[in-house]
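Here is how the chains run, residue by residue.
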Amino acid sequence: MLALPRVPTPVVDCADEVFERAGVGLRLKRDDLVHPLVPGNKWRKLGPNLEAAVREGHRRLVTFGGAYSTHLRAVALAAGALGLESVGLVRGEELAGAPRNWSLRAAEEAGMELVFLSRAEYREAAGRVAGGGAGEAALRRRWGPCLVLPEGGSNALAARGAEAVVAELAGLGEGDVVCCPVGTGGTLAGIAAGLPPGARALGVAVLRGAEGYLEGEVTRLHREAYGREFDGWRIDHGHHGGGYGRVPAALEEFAAAFERRHGIALERRYVAKTLAALYALTAAGAFPPGTRLTAVVTGLPDPV
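As a starting point, this report considers the structure included with it.

### Considerations on the overall build of the chain
Moving on, step 1. In terms of helices and strands, the chain carries 12 helices and 10 strands.
Moving on, step 2. The C-alpha atoms of the chain give 19 Å as radius of gyration, which agrees with the globular expectation for 304 residues (19 Å, within 12%).
Moving on, step 3. With 304 residues in all, the chain has 53% of them scored as buried.
Moving on, step 4. Put simply, of all contacts in the chain between residues at least 6 apart along the chain, 73% involve residues at least 24 apart.
Moving on, step 5. Accessible surface computed for the chain: about 13,100 Å², of which carbon and sulfur atoms make up 53%.

Next up, the structure:
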C-alpha cells in the first residue's frame with residue numbers, strides 16, 4: 001500500500017539580507033515533505049500516472065533515467081508499494097557490469113529491473129516515447145502491457161499533477177513569481193498553467209545548452225495537457241552549474257552556507273541551483289521591489 005501524500009505541504013518564509021536589501025520576499029514551498037517514499041515533484045508528477053496505471057489494469061511500469069535518476073528510484077519505490085513491476089531503461093551501457101551506485105542499488109532493491117542502453121540507444125528510445133505512440137508501442141511489444149513513462153516522468157498527466165502546487169499557494173497575484181528547477185519541463189508546465197492572472201513562473205534550467213529545447217518541451221506539455229499555450233513564464237539558462245548533475249565548488253559553498261543560516265538541507269543538482277539563481281538574480285536587480293518569490297523545494301538531498 002502506498003502512503004497518502006502529506007498535502008498541502010508547508011510554505012515557510014525565508015528572510016535573508018540579499019532579498020531584504022532588494023525589497024523582495026522569499027518563501028519556500030516545502031514539497032520535499034510531500035511523501036515519505038516519493039518526495040517533491042516526483043510525487044506530483046507520478047501520482048496521476050500511478051492512478052492511471054491502477055485504473056487501466058497495468059501490472060508494469062517502464063521508464064527512463066540516468067545513473068543517479070531520482071525518477072527511477074521514485075518509480076521503483078512507488079511501483080513496489082503498489083505491487084506493480086517496474087523496468088528502468090538506464091543511460092550508459094558501461095554501467096551494466098559495474099558495481100551499482102547507491103541510486104541504482106536503491107531502485108533494484110525496490111524491485112526494478114534495470115536495462116542498460118548505450119547513449120545512442122537511450123536517446124533514440126526516450127525520444128520516440130516523448131514523440132508519441134510509436135515509441136510506446138515498441139516498448140509494449142518488448143515488455144508486454146505496461147504504462148510507459150517518459151524520461152523524468154513529464155507527460156500530460158504529470159503536468160496536471162504539478163499544477164496542484166499552485167492550488168496550495170493562497171493569495172497569488174500581481175508581484176508573485178513561483179520558481180522551480182527545470183529538467184524535463186513537467187513541473188514548470190503545471191505551475192505555469194495553474195497561475196492566476198498577474199502571477200508569473202520562473203524555471204531554472206539544470207541542463208547546459210538547453211535554450212529553446214526546454215521552452216519547446218514546456219509548450220508541448222501545455223498543448224498535450226490543456227490543448228492550449230500559456231503566457232507568464234520563462235526559463236533562466238544562466239545558472240545550470242556547468243550541466244546536468246554538475247555541482248561546482250561555488251554551488252556547494254552556497255548550499256552549505258544556506259543550510260547553516262536556515263537549517264534546511266538542500267538537494268544540490270536541482271534545488272540548490274534554483275535558490276542560487278534567485279540570489280544572483282535578486283542581487284542583480286532582476287526583480288522589482290515588492291516581488292514575492294516562492295521557490296518550490298522539489299526534492300530531498302542525496303543520502304550521505
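### Some thoughts on the sheet that holds strand β4 (residues 85-91)
Moving on, step 1. Taking strand neighbours across the sheet as the criterion, the 4 strands line up as β5-β4-β3-β6 in an open arrangement whose pairing is parallel. Each edge of the open sheet carries a strand with a single partner, namely β5 (112-117) and β6 (147-148).
Moving on, step 2. Relative to β5, β4 is paired through 6 bridges, and the arrangement is parallel. Residue pairing in the sheet places Leu89 in a bridge with Val115 of β5.
Moving on, step 3. Set on the sheet, helix α4 (residues 102-109) makes contact with β4 and β5; between it and β5 the angle comes to about 135°.

### With respect to the packing of helix α11 (residues 249-262) against helix α12 (residues 268-283)
Moving on, step 1. Interaxial distance between α11 and α12 falls to 10 Å at its minimum, and their mutual angle equals 80°. In terms of orientation, α11 lies roughly perpendicular with respect to α12. Within the contact between the two elements, α11 uses Leu251, Glu252, Phe254, Ala255, Ala256, Phe258, Glu259, Arg261 and His262 and α12 uses Arg268, Ala272, Lys273, Leu275, Ala276 and Tyr279.
Moving on, step 2. Looking at the contact of α11 with α12 residue by residue, the class counts come to 9 nonpolar, 1 polar and 5 charged.

### Quick look at the packing of aromatic side chains
By convention here, two paired aromatic rings are described through the distance between centres and the angle between planes.
Moving on, step 1. If you walk through the whole model with that rule in mind, you get 8 aromatic pairs.
Moving on, step 2. Arranged with centres 6.1 Å apart and planes meeting at 75°, the rings of Tyr244 and Tyr270 form a pair that is edge-to-face. In this pair, Tyr244 sits in the loop between β9 (233-236) and α11 while Tyr270 sits in helix α12, placing the two residues 26 residues apart along the sequence.
Moving on, step 3. Look at Tyr244 and you get partly exposed, because its relative accessible area is 40%.

### Some thoughts on the packing of helix α2 (residues 41-55) against helix α3 (residues 70-82)
Moving on, step 1. Packing of α2 against α3 leaves a shortest axis separation of 11 Å and a crossing angle of 40°. With respect to their mutual orientation, α2 and α3 come out oblique. The hand of the α2/α3 crossing is right-handed. Side by side, α2 and α3 meet where Lys42, Leu46, Leu50 and Val54 of the first sit next to Thr70, His71, Ala74, Val75, Ala78 and Leu82 of the second.
Moving on, step 2. When its residues are assigned to classes, the contact of α2 with α3 shows 7 nonpolar, 2 polar and 1 charged.

### Examining the sheet that holds strand β10 (residues 292-296)
Moving on, step 1. The 6 strands are arranged β1-β2-β10-β7-β8-β9 in an open sheet whose pairing can be described as mixed. Looking at strand neighbours, the two that pair on one side only are β1 (11-13) and β9, the edges of this open sheet. Taken pair by pair, the neighbouring strands of this sheet meet at an average axis angle of 25°, ignoring direction.
Moving on, step 2. The sheet contact formed by strand β7 (residues 176-182) and strand β8 (residues 200-205) spans 6 bridges and is parallel. Counted as the bridge partner of Val178 is Ala201 from β8.
Moving on, step 3. Across the sheet, helix α10 (residues 213-226) is in contact with β7, β8 and β9; its angle to β9 comes to roughly 150°.

### Some words on the side chain of Asp236
Moving on, step 1. Note on placement: Asp236 falls in strand β9.
Moving on, step 2. Put simply, Asp236 is tucked away with no salt bridge, and the nearest opposite charge, on Arg234, sits 4.6 Å away.
Moving on, step 3. A polar contact of 2.7 Å, which involves the side chain of Asp236, links it to the side chain of His239.
Moving on, step 4. Excluding its chain neighbours within four sequence positions, the residues that come into contact with Asp236 are Leu202, Gly203, Val204, Ala205, Ala277 and Leu281.

Procedures and definitions
Residues numbered from 1 in each chain as written. Predicted model: local features only at pLDDT ≥ 70, side-chain atom pairs only at ≥ 80, totals over all residues. Heavy atoms only, no water. Helix = DSSP H or I, 4+ residues; strand = E, 2+ residues; numbered from the N terminus. Rg over C-alpha atoms; globule rule 2.2 N^0.38 Å. Buried < 20%, exposed > 50% of the residue type's maximum accessible area, 1.4 Å probe, protein only. Contact = heavy atoms within 4.5 Å. Areas by Shrake-Rupley, 256 points an atom, 1.4 Å probe, with all protein chains shown as cover. Pairing = 2+ DSSP bridges. Axes fitted to C-alpha atoms, helices over the stretch in contact; angles between N-to-C directions. Parallel < 35°, antiparallel > 145°, perpendicular 65-115°, else oblique. Nonpolar A, V, L, I, M, F, W, Y, C, P; charged D, E, K, R; others polar. Phe/Tyr/Trp six-rings, centres within 6.5 Å; stacked < 30°, edge-to-face > 60°. Left-handed = near helix turned anticlockwise from the far one by under 90°. Lys, Arg positive; Asp, Glu negative; His and termini not counted. Salt bridge = Lys/Arg side-chain N within 4 Å of Asp/Glu carboxyl O. Polar contact = N/O pair within 3.5 Å; in protein donor to acceptor, adjacent residues only side chain to side chain.

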